[in-house]
Amino acid sequence: MEQKIIVNMKNITMSFSGNKVLNGVNFELRKGEVHSLMGANGAGKSTLIKILNGIYNAVSGEIEIEDHKVQIKTPSDADKYGLAFVHQELNVCNDMTVAENMYIGNWIKDQYGLYDRKATSAKAKELLDLMGVNINPDTPVGRLRTAEKQIIEILKTLTRESKVVILDEPTSSLNEAEKENFFGIIERMKKNGVSIIFISHFLEDVIKLSDRVTVLKDGINNGVFHAGEYTKDDLVVAMMGKKIANEVIEPIKVKKDAPIVLELQNLSSKKKFSDISFKIHEGDIVGVCGLLGAGKTEIARAIFGLDEYSSGKILLHGEEIEKPRPDTMIRKKVALLTEERKSEGFIPLLSIKENSALSIMKILSSKLGIINRNKLEGFANNIANQMTVKMSSINQSVVSLSGGNQQKVVIAKCLASEPDLFLLDEPTRGVDVYAKSEIYKILREEAEKGTSIVIFSSELEELLANCSKIIVLKKGQITEQVDVKDLSKNSLLSMIG
């Protein structure tokens, strides 16, 4: 007997500036199931979910909740029908504590009806412990990194008695151990009758979790798949229209006499990392991995000069860089792709054309500082095509793109400056499987040209497929530096666990 349909979206159509992003899309969710929604960047997944949340109002189509036609015009309407959301772009209150964010709108009150901070914190601690997350519930969320904020957003939905929970790329910042804990929570929610819409680019996560999968391609339905009746290739073909070539990728080979581009000597930062020492040679791709809070992001930011460090040395081409600053490092041909795409990666209201060329405006300008528009147009078109950005034109604003396409624009901006050293923090978060392979190809081509690349990532397959060696961090210290040829995913998992 089939379970009752709890959400039914029928013939949903949506356009932006005359560009139809959804065209008669159908999606249904049954009680107590995990139904995944997949598609390439720009296929319309997030738009469909924002319509269900009342952030966007569809041009046409209808929504039924438990067989009743409803009007969801605002997020409060969605909340009224028992729909809870975790969007790809996080929505946290930075000045509130972790506990206050988790229970926002539902804070525990004392006998006088006043907010009970201690009881709310204790309740949050129980859930944090259940998920195996080592975050203090009394910490202001503004002090957390993006990955930690994402976990708080996920836990927030578990504090409400919601009928439906919608998760947009929820595992993108979780390591393997945290994923297992998260999957356990999902199973318990299913047993309690909660229905889950799971949006992800991680094929393994989708296959493991899903009872059904709906695939969107170019804003239309392109298949519904049932558990046990499809393969990873089936999903890829439905999303992309083609398979991803299973090429055997050889590890990057660095010349024996390749000069050292970056050297860290006992780099330390109080309560973040300590005694970090490693060398990066010209044309090498090196990975840095570790559990959440191990110090990956903090090291990348310290090298680029975004964050201060307390002791140690940073040497670039043998020259010590004292108190590095972003402007200094940019002049010395260092680029950083930050974890914080939305707040640090691009200027939202500027176009793709303008954002992609931000790092080379001087090159595209005359001696008088006037930008050569023909050069700008040519450059932007070329790099947008190279990065396979899904867009209406290079004049489209970056903020209107899907998250994965925004990431491609940010990577393009970094590469435009032709860096000698490229630091990438979680470079493929929110990027579809085909775009990932394109980004990896571009990074390997850059390495072959002599660019030194350091990938700070929690995605182990990414590191194993592209790096010559991997540096493993635990609690802010290096525990291993291992050649990739000597590693498997399981052995790497045991090192970081």
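For the structure, see preceding data.
Treat the numbers as computed from the prediction; the structure is a model and nothing was measured. (Residues numbered from 1 in each chain as written. Predicted model: local features only at pLDDT ≥ 70, side-chain atom pairs only at ≥ 80, totals over all residues. Heavy atoms only, no water.)

**Describing the pairing of strand β6 (residues 83-86)**
Move 1: Residues Leu83 and Phe85 point to one face of β6 and Ala84 and Val86 to the other, with burial holding for every one of them.
Move 2: By the bridge criterion, four bridges tie β6 to strand β7 (residues 164-168) in an arrangement that is parallel. Paired with Val86 across the two strands is Leu167, which belongs to β7. (Buried < 20%, exposed > 50% of the residue type's maximum accessible area, 1.4 Å probe, protein only. Helix = DSSP H or I, 4+ residues; strand = E, 2+ residues; numbered from the N terminus. Pairing = 2+ DSSP bridges.)

**Comments concerning the packing of aromatic side chains**
In this description, a pair of aromatic rings is defined by centroid distance and the angle of the planes.
Move 1: All told, the structure shown has four aromatic pairs when counted by the stated rule.
Move 2: Arranged with centres 6.2 Å apart and planes meeting at 50°, the rings of Phe182 and Phe183 form a pair that is tilted. A single burial state applies to Phe182 and to Phe183, both of which are buried.
Move 3: Stacked on the ring of Phe202, the Lys or Arg Lys436 has its end atom at 4.3 Å from the ring centre. (Phe/Tyr/Trp six-rings, centres within 6.5 Å; stacked < 30°, edge-to-face > 60°. Lys NZ or Arg CZ within 6 Å of the ring centre and 35° of its normal.)

**Regarding the pairing of strand β13 (residues 285-290)**
Move 1: Within β13, six of the six residues are buried, leaving the element largely enclosed by the surrounding structure.
Move 2: Along β13, one buried face is formed by Ile285, Gly287 and Cys289 and the opposite face, lined by Val286, Val288 and Gly290, is buried too.
Move 3: Pairing of β13 with strand β18 (residues 452-456), which is carried by four bridges, proceeds in the parallel orientation. Paired with Gly287 across the bridge in β18 is Ile455.

**Describing the state of the cysteines**
Move 1: Taken as a whole, this structure holds zero disulfides when the rule is applied.
Move 2: The closest cysteine sulfur to the non-disulfide-bonded Cys289 is located on Cys467, 9.0 Å from its own sulfur.
Move 3: Given the relative accessible area of 1%, Cys289 is considered buried. (Disulfide = S-S within 2.5 Å.)

**Regarding helix α13 (residues 373-386)**
Move 1: The first and last C-alpha atoms of α13 sit 20 Å apart over 14 residues, in line with the 20 Å expected at 1.5 Å per residue.
Move 2: Every buried residue belonging to α13 is among Leu376, Phe379, Ala380, Ile383 and Ala384, and all of these are buried. The buried residues of α13 occupy an angular sector of 120° when the element is viewed end-on, so they sit on one face. For α13, the exposed residues lying more than 90 degrees away from the buried face are Asn374, Asn382 and Asn385.
Move 3: Contact partners of the buried residues in α13: α12 (352-356) and α14 (403-416).
Move 4: Backbone nitrogen of Asn374 and a side-chain oxygen of the N-cap are separated by 3.1 Å at the start of α13; the cap is Asn372.
Move 5: Of the residues one or two after α13, Thr388 is the one with positive phi, at around 50°. (Expected span 1.5 Å × (residues − 1). Arc of directions from axis to C-beta. Contact = heavy atoms within 4.5 Å. Polar contact = N/O pair within 3.5 Å; in protein donor to acceptor, adjacent residues only side chain to side chain.)

**A word on the sheet that holds strand β3 (residues 34-38)**
Within a sheet, each strand pairs with its neighbour through backbone hydrogen bonds, oriented either parallel or antiparallel.
Move 1: If you walk across this open sheet you meet the six strands as β6-β7-β8-β3-β9-β10, and the pairing is mixed. Each edge of the open sheet carries a strand with a single partner, namely β6 and β10 (220-226). Each adjacent strand pair in this sheet contributes to an overall mean axis angle of 15°, direction not counted.
Move 2: Contacting β6 and β7, helix α5 (residues 146-158) runs over the sheet at an angle of about 170° to β6.
Move 3: Packing against the sheet, helix α6 (residues 176-191) makes contact with β3, β7 and β8 (195-199), and its axis sits at approximately 145° to β8. (Axes fitted to C-alpha atoms, helices over the stretch in contact; angles between N-to-C directions.)

**Examining the pattern of salt bridges**
Move 1: Under the definition given, this model contains 23 salt bridges.
Move 2: Put simply, Lys190 and Asp211 hold a salt bridge, and the shortest N to O gap is 3.1 Å. In this pair, Lys190 is assigned in helix α6 and Asp211 in the loop between α7 (203-209) and β9 (212-217), connecting sequence segments 21 residues apart.
Move 3: One continuous salt-bridge network, built from bridges that share partners, spans Glu28, Arg30, Glu33 and Arg212. (Salt bridge = Lys/Arg side-chain N within 4 Å of Asp/Glu carboxyl O.)

**Description of the side chain of Gln396**
Move 1: For Gln396, the position within the fold is in the loop between α13 and α14.
Move 2: For Gln396, a relative accessible area of 16% gives the class buried.
Move 3: Within the local environment of Gln396, its side chain forms a polar contact with the side chain of Ser400, the two groups lying 3.0 Å apart.
Move 4: When near neighbours in sequence (up to four residues on either side) are disregarded, Gln396 contacts Ser351, Ile352, Met391 and Leu401.

**Concerning the packing of helix α4 (residues 117-131) against α5**
Move 1: Axis separation between α4 and α5 bottoms out at 11 Å; the angle between their running directions is 115°. With respect to their mutual orientation, α4 and α5 come out roughly perpendicular. For the element pair α4 and α5, the recorded crossing hand is right-handed. Of the residues in α5, those in contact with Leu127, Leu128 and Met131 of α4 are Ile152, Leu155 and Leu158.
Move 2: Class assignment of the residues belonging to the contact of α4 with α5 gives a composition of six nonpolar, no polar and no charged. (Parallel < 35°, antiparallel > 145°, perpendicular 65-115°, else oblique. Left-handed = near helix turned anticlockwise from the far one by under 90°. Nonpolar A, V, L, I, M, F, W, Y, C, P; charged D, E, K, R; others polar.)

Just geometry here; none of it tells us what the structure is for.
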